[in-house]
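Summary of structural features
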Amino acid sequence: MPAPTPPEKKPDRHYDFRGTNIVFALCSLGLLAVTLLMVIMDYGRPWKRVQAEFRDLERQSIVRDLEQEQQAINEQQMATVLQEITAAEEGLEQRGSEVEAFEDSIAVLDKRVFESDKLMRARKTQIDAAKWQYDIALQDGGERSIASAREKIDTLTLEWQQYQRATEAYIEQREAEQDKLAEVLSTQTRGEGRLGDLNAALDGLNTRLSTVEKDLDYFMLNAPLMDFLAPSLKIEQVVLPGLFHDIQFAKIDRVDRCMTCHVASNRDGFDGEEWTNPYRSHPRLDLFVADASPHPYGRFGCTVCHAGLDRATDFSRAGHSPVDDEQRDAWIEKYNWESQPFLHTPILPLNMTEAGCIGCHADEVWTPQATVQDTGRQLINKLGCYGCHQIGLAAFEDLPKVGPDLTKVASKVDDAWAATWIEAPRKFRPTTWMPHFFFQVNIEGEVNQGRQRAEIEAIVDFLWSVSEEVEYAPAPAGDATRGEDLFYSIGCTGCHILDSEAERADFTDALHRLHGPNLAGLGSKVSRDWVYAWLRDPKSYRPDTAMPNLRLTDQEAADLSTFVVASRRPEFENLERAELDEGIRAELVATYLRQTMTIEQSEARVLAMSAEEQSVYLGERSITKYGCFGCHNIAGFADVKPIGVELTEEASKPLHLFDFGHLHDLPHTHRDWLRTKITTPRIFDQGKELVLNYSELAKMPNFGLSDAEAEAVLANLIGFRKESVLEDRKAGRGERGENLAAGRRIVTRFNCQGCHLIEEVGHAIRAALRDENNLPPNLAAEGVRTQADWLFSFLHDPSQVSLRPWLDVRMPTFQFSDEQANDLVAYFASIDEADPFASEPEAGSARSRAIGEEIFNMLQCAKCHPASADAIAASGGAVGELAPSLLLARERLRHEWVPHWIKDPQGFIPGTKMPTNFPTTSTGGFSSPLGMAINQATYAGEKRRMMRYFDSEEGLNTFLSDVDLVSAALRDHIWTMSN
Amino acid sequence: MKRARTWSLVLFSSLAVLMMAACGGGSEDSAPVVSAAPAAPPAAAGNATVSGTVTLASGEDLDITIQMNADPVCAGLHEGDVQSETMVIDDEGNLANVFIYVKSGLSGSFPAPSQAAIISQKGCLYTPHVLGLQVGQTLKVVNQDPTLHNVHASPKENAEFNQAQPFQGMELERTFDSTEVMIPFKCDVHPWMSAYMAVLDHPFFAVSATDGSFSIEGLPAGTYTLEAWHEVLGTQSAEAIVEADGSIEVDFAFEAGA
């Protein structure tokens with residue numbers, strides 16, 4: 001018999017009580033641990049640490065300020081005030097009984113006012129009751145009761161009036177007593193007031209200090225689990241309607257949280273050395289972030305300019321991008337930084353911040369004050385990137401081709417020179433914008449080298465086969481020395497340099513000076529006859545050239561052409577066309593033919609073609625391949641589409657669409673790829689050169705960009721992002737914006753800033769002037785200064801008037817269309833926010849004109865300004881060499897502007913030769929010295945004549961001391977002058 | 001019910017306090033370095049002297065005559081030719097109108113003198129042609145001529161001004177906030193008129209006289225870099241070591257065309 005098993009303990013439940021307890025216990029412990037962990041992690045979020053640390057730093061800074069302030073308070077002043085207070089207090093003690101008496105009597109009067117007022121109110125109530133009784137009597141009672149009720153009302157009314165008077169009298173008495181008391185106390189109050197003034201700064205700091213103390217309140221409010229109530233450490237965010245964040249085709253409003261850590265960015269004063277990021281004030285609070293700036297934080301936030309993930313409150317996730325490796329390593333150490341491969345728009349590194357302007361400002365052509373970006377914009381304009389790549393932004397649309405017209409090239413240069421040039425343009429002219437297409441890093445092996453040679457020669461053969469032949473008449477003899485003087489004085493140097501040593505990188509900050517080619521070595525490129533014809537009329541060679549007509553006489557053109565062709569590079573003269581491998585050329589031709597023919601057909605066709613036919617055919621195909629027509633007018637290529645990819649939204653293209661090739665050391669960011677592409681465009685073929693078909697090799701040419709040039713171009717490229725701003729939120733909306741954009745395009749096209757200062761940029765010619773006095777005018781305030789009609793006709797034909805006869809530099813004739821001239825007039829008016837069409841000038845009153853004439857003589861205005869044709873003749877030309885003729889004023893200047901100009905010329909155009917006649921006062925205004933001067937004996941005549949218009953000397957003095965009246969009178973006198 | 005809520009608050013608070021204690025109560029105090037720059041103390045007075053002569057080696061006649069015909073009033077104020085003040089050299093080759101000053105090596109602050117430095121416009125020339133003054137010191141420009149002058153200063157560090165003086169005897173006063181060597185003055189009415197003014201933060205400067213001599217007095221002992229400035233010849237530097245109450249000679253020799 002088997003041993004009986006012990007009876008199992010019969011469970012009283014269907015589950016294991018103990019086991020469940022253990023599970024529950026473990027679960028709840030686990031949950032507790034997780035909860036605690038959550039609390040700890042939440043409490044330890046990095047931004048909280050940042051805010052807490054800032055609070056400490058701010059407190060320390062205030063404490064320092066307090067100490068300084070305390071030291072700064074003038075001890076003497078303080079002592080005097082304290083003494084005053086003490087004296088007053090002593091005085092009060094002495095007059096203690098007096099004060100007490102006043103206080104007592106006020107107290108007594110208080111009581112009386114109260115009593116009397118109480119009685120008055122009681123009577124008022126009784127009157128109301130009596131009136132009611134009167135009503136009752138009228139209804140039911142007899143005559144007697146009516147009379148008695150009436151009597152009662154009268155008596156009560158009388159009493160009520162008495163009490164009212166008494167109350168008023170007591171109040172008056174009390175006020176009188178109070179005034180007397182205040183008088184006695186006033187010395188002390190005054191002293192305390194002054195003490196308060198002295199301590200105001202201290203009090204302000206103390207108040208600030210109390211807000212940043214880490215006291216019990218602070219710890220309670222921010223304690224874990226308590227901080228849901230009203231924590232002082234909290235996420236700071238701003239919702240930005242209309243500024244979108246593009247997430248998978250959905251546009252959602254940005255919610256910027258940057259100020260959660262960048263706590264002081266909207267506050268002034270956190271920019272000393274002791275403040276490091278994220279605690280610093282934003283630079284240029286006059287422009288950004290501050291409420292009064294054009295870009296207040298509440299309207300624009302941060303990420304619309306800086307990019308990055310708007311909602312992030314973690315350093316890495318926000319998308320901070322280091323400027324360089326050093327910063328990257330520092331960030332890794334300090335913030336545990338890692339790159340965000342899935343964030344398409346990481347924060348722009350600090351040196352690229354200006355790229356952020358493009359999102360809203362692209363329609364305005366340029367963004368004033370964004371200097372790096374503007375350098376990049378100018379570079380893109382000069383390099384002609386838009387010739388191959390469409391860039392759908394106002395600054396880069398509908399622009400003329402950057403390179404010279406090649407439709408008449410055979411009559412301009414030698415074919416062998418052209419081949420040498422195409423092979424390596426920077427060899428002949430290091431400053432050129434024309435890039436290198438041939439023999440780049442991805443061209444390896446003898447065969448490919450041979451193909452390059454064949455293409456170069458073929459391109460020249462094709463161009464020569466389609467070029468017009470123009471004969472140039474022999475230029476008259478010229479003098480190089482006179483030509484040199486002209487070159488350096490009439491304004492050529494606003495756009496050209498002539499310097500064989502110049503490097504393009506030296507001009508990155510002065511791109512206006514490279515608007516036209518460096519003319520060094522010109523004599524080895526073109527003939528003097530060509531230069532002479534070109535100078536006489538640039539548009540006859542190329543109708544859309546930016547080169548203006550300088551209205552040179554035959555002799556001037558001869559002298560100037562003699563001077564410029566004297567610069568030569570003999571090693572580029574009498575060149576021979578290069579040898580090439582005809583087999584390689586035939587193979588290239590066959591490859592192209594094979595696109596539309598069978599192998600057999602193409603081979604037969606090649607055999608049927610002459611060597612010249614082959615070369616011309618290959619040339620045409622090569623021009624198509626390299627996109628030469630993007631920058632040059634070439635016969636037969638008028639309507640061919642550009643060959644490059646569109647760049648309008650290049651920086652928003654997902655990163656995986658960029659081919660990094662085998663460059664494993666290159667960080668995988670948009671910025672690094674783009675920088676590498678524009679500096680070494682063929683590098684991504686590395687390792688694949690010999691397996692790729694010849695036609696598959698990268699074709700983008702090498703522009704030889706310096707680091708600074710590349711960074712500037714990049715500061716635009718990185719800003720070419722997908723539309724993420726509501727149209728209405730962009731800058732440059734409305735008529736003014738359109739006018740600015742249209743004007744800026746013309747200003748860029750014709751390089752007006754090479755000579756003039758416009759929108760505070762320009763005067764590039766200054767560096768090349770041999771005489772500083774020959775500097776072309778600063779066009780600040782041109783919009784409020786000149787009349788629209790006058791400016792319009794002047795732009796059309798600057799030769800009609802000699803405005804500043806002392807200048808050798810010439811305003812050229814640009815042959816503007818009416819539309820262009822109108823655009824420029826509207827542009828200048830829009831810069832100054834002036835009405836383009838000013839009102840008709842009015843004549844001043846006879847009185848004002850007559851007084852104006854006397855003042856004009858007293859101030860000796862005619863010492864510099866010609867005021868009549870006779871004066872110019874009499875001075876033998878000396879007058880007129882200093883200042884514009886006033887005979888032009890009425891036609892040219894705006895009536896309302898002239899007095900403002902007379903008053904404060906430096907305020908409109910800093911550095912102008914025109915002085916103010918009115919010394920500045922200590923308050924920043926102007927004072928007229930005429931009121932004093934008129935009483936000198938010298939001006940007795942003027943005084944007598946002016947007195948005709950005044951009743952008293954005082955009246956005259958008042959007039960002459962009023963700067964506005966005086967300048968208006970001068971204007972009214974000037975308005976009487978005319979040719 | 002109300003009671004229960006109060007209790008839970010107290011509980012939370014005490015928990016909070018405990019947590020805080022556990023977490024060390026937040027960030028540690030890391031006081032940034034105090035960088036308050038107190039004003040330099042007044043410098044000790046000295047009694048040393050640096051003197052010398054400025055010469056110009058040139059075989060050419062550098063005199064240039066000024067043509068004042070453009071303004072008959074100016075021409076009428078002179079009998080005979082007026083020489084340019086740009087190159088003033090005596091027969092021994094001593095050069096005037098050179099500004100010599102202590103460029104570096106000084107410490108402490110030097111209060112600006114209360115009396116004004118004066119430039120006169122007399123005979124359509126600026127007198128003196130070269131001068132120095134201190135930051136905060138008043139410059140007074142006087143027109144002594146019966147014709148219009150304009151005082152046009154083109155500083156780089158200080159504020160530009162351009163003030164007409166149409167009346168004889170007119171004065172204008174300015175002070176300058178920053179040191180600057182040199183501020184050019186010109187009169188746009190009379191293009192030949194020019195003057196140069198240096199603004200320094202100390203009084204140790206001199207302008208060479210017609211015999212080329214100069215003398216800087218009252219220097220404290222020390223090692224200084226002196227600079228001599230001329231409007232067309234440029235600058236030259238020299239080191240000077242002076243002892244208290246000592247006096248040393250430093251000469252400057254310019255070369256034309258250098």
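In case you missed it, the structure is sitting above this.
A short tour of the structure in this document, coming up. (Residues numbered from 1 in each chain as written. Chains lettered and ligands numbered in written order. Predicted model: local features only at pLDDT ≥ 70, side-chain atom pairs only at ≥ 80, totals over all residues. Heavy atoms only, no water.)

This brings us to the overall build of chain A. Summing up its helical and strand segments, chain A has 36 helices and six strands in all. Whereas a compact globule of 979 residues would reach a radius of gyration of roughly 30 Å, chain A reaches 43 Å, over 25% beyond that. Counting only residues that meet the buried cut, chain A has 47% of its 979 residues in that class. Counting only contacts in chain A whose residues sit at least 6 apart along the sequence, the fraction spanning at least 24 positions is 68%. When the accessible area of chain A is evaluated, it comes to approximately 51100 Å², of which 54% is carbon and sulfur surface. (Helix = DSSP H or I, 4+ residues; strand = E, 2+ residues; numbered from the N terminus. Rg over C-alpha atoms; globule rule 2.2 N^0.38 Å. Buried < 20%, exposed > 50% of the residue type's maximum accessible area, 1.4 Å probe, protein only. Contact = heavy atoms within 4.5 Å. Areas by Shrake-Rupley, 256 points an atom, 1.4 Å probe, with all protein chains shown as cover.)

A separate point is the overall build of chain B. Helix and strand content of chain B: two helices and 19 strands. For chain B, the residues scored as buried account for 43% of the 258 residues in total. A separation threshold of at least 6 residues defines the contact pool for chain B, and within that pool the share at least 24 residues apart is 64%. In the structure as shown, chain B presents an accessible area of about 13100 Å², 52% of it carried by carbon and sulfur atoms.

We now examine the packing of helix α26 (residues 788-796) of chain A against helix α27 (residues 818-831) of chain A. Two numbers describe a pair of packed helices, the interaxial angle and the distance between the axes. All names here are of chain A. Running from N to C, α26 and α27 cross one another at 135°; their axes reach a closest spacing of 9 Å. Compared by their axis directions, α26 and α27 come out oblique. At the point where α26 passes α27, the crossing takes the right-handed sense. Touching Ala788, Leu791, Phe792, Leu795 and His796 of α26 are Asp818, Ala821, Asn822, Leu824, Val825 and Phe828, all from α27. For the contact of α26 with α27, the residue count by class is eight nonpolar, two polar and one charged. (Axes fitted to C-alpha atoms, helices over the stretch in contact; angles between N-to-C directions. Parallel < 35°, antiparallel > 145°, perpendicular 65-115°, else oblique. Left-handed = near helix turned anticlockwise from the far one by under 90°. Nonpolar A, V, L, I, M, F, W, Y, C, P; charged D, E, K, R; others polar.)

Our focus in this paragraph is the pattern of salt bridges. All names here are of chain A. Taken as a whole and judged by the stated rule, the model has 49 salt bridges over all chains. Where arginine 59 meets aspartate 56, a salt bridge forms, and the shortest distance between an N and an O atom there is 3.0 Å. Of this pair, arginine 59 and aspartate 56 both sit in helix α2 (residues 46-72), three residues apart, roughly one helical turn. The exposure class assigned to arginine 59 is buried, which follows from its relative accessible area of 18%. Notably, a salt bridge pairs glutamate 274 with arginine 64, separated by 3.7 Å at the nearest N-O pair. Of this pair, glutamate 274 sits in the loop between β2 (250-256) and β3 (288-289) while arginine 64 sits in helix α2, and the two are 210 residues apart along the sequence. Using a relative accessible area of 14% as the deciding quantity, one classes arginine 64 as buried. Look at the salt bridges and you will find they share partners, linking Asp415, Glu423, Arg453, Glu457, Asp461 and Arg577 into a network. (Salt bridge = Lys/Arg side-chain N within 4 Å of Asp/Glu carboxyl O.)

Attention now moves to helix α23 (residues 707-717) of chain A. Residue and element names in this part refer to chain A. For α23, a buried count of eight out of eleven residues is recorded, marking the element as mostly surrounded by other parts of the structure. Of the positions making up α23, those classed as buried are Glu709, Ala710, Ala712, Val713, Leu714, Ala715, Asn716 and Leu717. Turning to α23, the residues buried within the fold contact α10 (358-361), α11 (371-383) and α22 (670-679).

This next bit is on a negative patch on the surface. All names here are of chain A. Side chains of Glu89, Glu90, Glu93 and Glu192 sit close together on the surface and give a patch of like negative charge. It is helix α3 (residues 75-94) that provides the largest number of residues to the negative patch, a total of three residues. Here glutamate 93 shows up in helix α3. (Patch = residues over 30% accessible without salt bridge, like charges linked within 9 Å, V, L, I, M, F, W, Y side chains within 5 Å. Lys, Arg positive; Asp, Glu negative; His and termini not counted. Charge placed at Lys NZ, Arg CZ, Asp CG, Glu CD.)

All names here are of chain B. One open sheet holds the five strands; their spatial order is β7-β13-β12-β9-β10, and the pairing between them is mixed. The open sheet has two edge strands with one neighbour each: β7 (130-134) and β10 (161-165). Pairs of neighbouring strands in the sheet enclose a mean axial angle of 20°, with direction left out of account. (Pairing = 2+ DSSP bridges.)

On inspection of all chains with the given rule, the structure shows one disulfide over all chains. Each sulfur of the disulfide joining cysteine 74 of chain B and cysteine 124 of chain B lies 1.9 Å from the other. Because the torsion about its S-S bond is -70°, the bridge between cysteine 74 of chain B and cysteine 124 of chain B counts as left-handed. Placement of cysteine 74 of chain B in helix α2 (residues 72-76) and of cysteine 124 of chain B in the loop between β5 (117-122) and β6 (125-127) is noted, with a sequence separation of 50 residues between them. With respect to burial, cysteine 74 of chain B and cysteine 124 of chain B carry one shared label: buried. Cysteine cysteine 631 of chain A remains unbridged, with the sulfur of cysteine 388 of chain A as its closest cysteine sulfur at 5.8 Å. Its relative accessible area of 18% is what places cysteine 631 of chain A among the buried residues. (Disulfide = S-S within 2.5 Å.)

Glancing now at the pairing of strand β4 (residues 99-104) of chain B. Residues and elements named next belong to chain B. Of the pairings in the sheet, the one linking β4 to strand β14 (residues 205-207) comprises three bridges and is antiparallel in character. Paired with phenylalanine 99 across the strands is valine 207, a residue of β14. Pairing of β4 with strand β16 (residues 222-230), which is carried by five bridges, proceeds in the antiparallel orientation. Looking at the pairing, serine 104 lines up with threonine 225 of β16.

Summed over the entire model, instances satisfying the criterion amount to 44 aromatic pairs over all chains. Consider the rings of phenylalanine 315 of chain A and tryptophan 331 of chain A, whose centres lie 5.0 Å apart with planes at 85°: the pair is edge-to-face. Remark: tryptophan 331 of chain A occurs in helix α9 (residues 325-335) and phenylalanine 315 of chain A occurs in the loop between α8 (303-306) and α9; sequence separation between them is 16 residues. For the pair phenylalanine 315 of chain A and tryptophan 331 of chain A, a shared accessibility class is recorded, and that class is buried. Summarising the aromatic geometry, the rings of phenylalanine 161 of chain B and phenylalanine 176 of chain B are spaced 6.4 Å apart at their centres and angled 45° between planes, so their arrangement reads as tilted. A residue pair is termed long-range when its members are at least 10 positions apart, and phenylalanine 161 of chain B in strand β10 and phenylalanine 176 of chain B in the loop between β11 (171-174) and β12 (180-186) qualify at 15 residues. A single burial state applies to phenylalanine 161 of chain B and to phenylalanine 176 of chain B, both of which are buried. Through a chain of ring-to-ring contacts, three or more aromatic side chains come together here, namely Phe54, Phe270, Trp275 and Tyr279 of chain A. The ring of tryptophan 160 of chain A has lysine 124 of chain A sitting right over it, with the charged end atom 5.6 Å from the ring centre. (Phe/Tyr/Trp six-rings, centres within 6.5 Å; stacked < 30°, edge-to-face > 60°. Lys NZ or Arg CZ within 6 Å of the ring centre and 35° of its normal.)

Before going further, it helps to examine the side chain of glutamate 709 of chain A. Residues and elements named next belong to chain A. Mapped onto the secondary structure, glutamate 709 falls in helix α23. For glutamate 709, a relative accessible area of 1% gives the class buried. A polar contact of 2.9 Å, which involves the side chain of glutamate 709, links it to the side chain of arginine 504. A polar contact of 2.9 Å, which involves the side chain of glutamate 709, links it to the backbone nitrogen of serine 706. Residues in contact with glutamate 709, not counting those within four places in the same chain, are Leu379, Trp433, Arg504, Thr508 and Gly704. (Polar contact = N/O pair within 3.5 Å; in protein donor to acceptor, adjacent residues only side chain to side chain.)

Residue and element names in this part refer to chain A. Residues Leu383, Ile391, Phe396, Leu717, Phe720 and Tyr827 are the most contacted members of the largest nonpolar core, which totals 69 residues. Listed by contribution, the elements that provide at least two residues to this core are α11, α22, α23, α24 (734-749), α26 and α27. With six residues, α23 is the largest single contributor of residues to this core. Other than its neighbours up to four places away in sequence, leucine 383 contacts Val402, Trp433, Phe703, Leu705 and Val713. (Core = buried A, V, L, I, M, F, W, Y, C linked by side-chain atoms within 4.5 Å.)

Turning our attention to the side chain of arginine 453 of chain A. With respect to the element layout, arginine 453 of chain A can be found in helix α14 (residues 446-466). Those residues in contact with arginine 453 of chain A, other than ones at most four positions away along the chain, are Glu423, Phe439, Ala578, Glu579 and Leu580 of chain A.

Right, let's get into the pairing of β12 of chain B. Residue and element names in this part refer to chain B. Across two bridges, the pairing between strand β9 (residues 149-153) and β12 is antiparallel. Directly across from alanine 153, in β12, lies its bridge partner phenylalanine 185. Here five bridges tie β12 to strand β13 (residues 194-200), and the two strands are oriented antiparallel to one another. Bridging from a neighbouring strand, isoleucine 183 pairs with methionine 197 of β13.

Our next topic: the sheet that holds β11 of chain B. All names here are of chain B. Ordered in space as β6-β5-β8-β11, the four strands form an open sheet in which the pairing is mixed. Sheet topology places β6 and β11 at the edges, where each strand pairs with a single neighbour. Each neighbouring strand pair of the sheet contributes to a mean axis angle of 20°, computed without reference to strand direction. Relative to β11, strand β8 (residues 139-143) is paired through four bridges, and the arrangement is antiparallel. From the neighbouring strand, leucine 139 faces β11, where its bridge partner is arginine 174.

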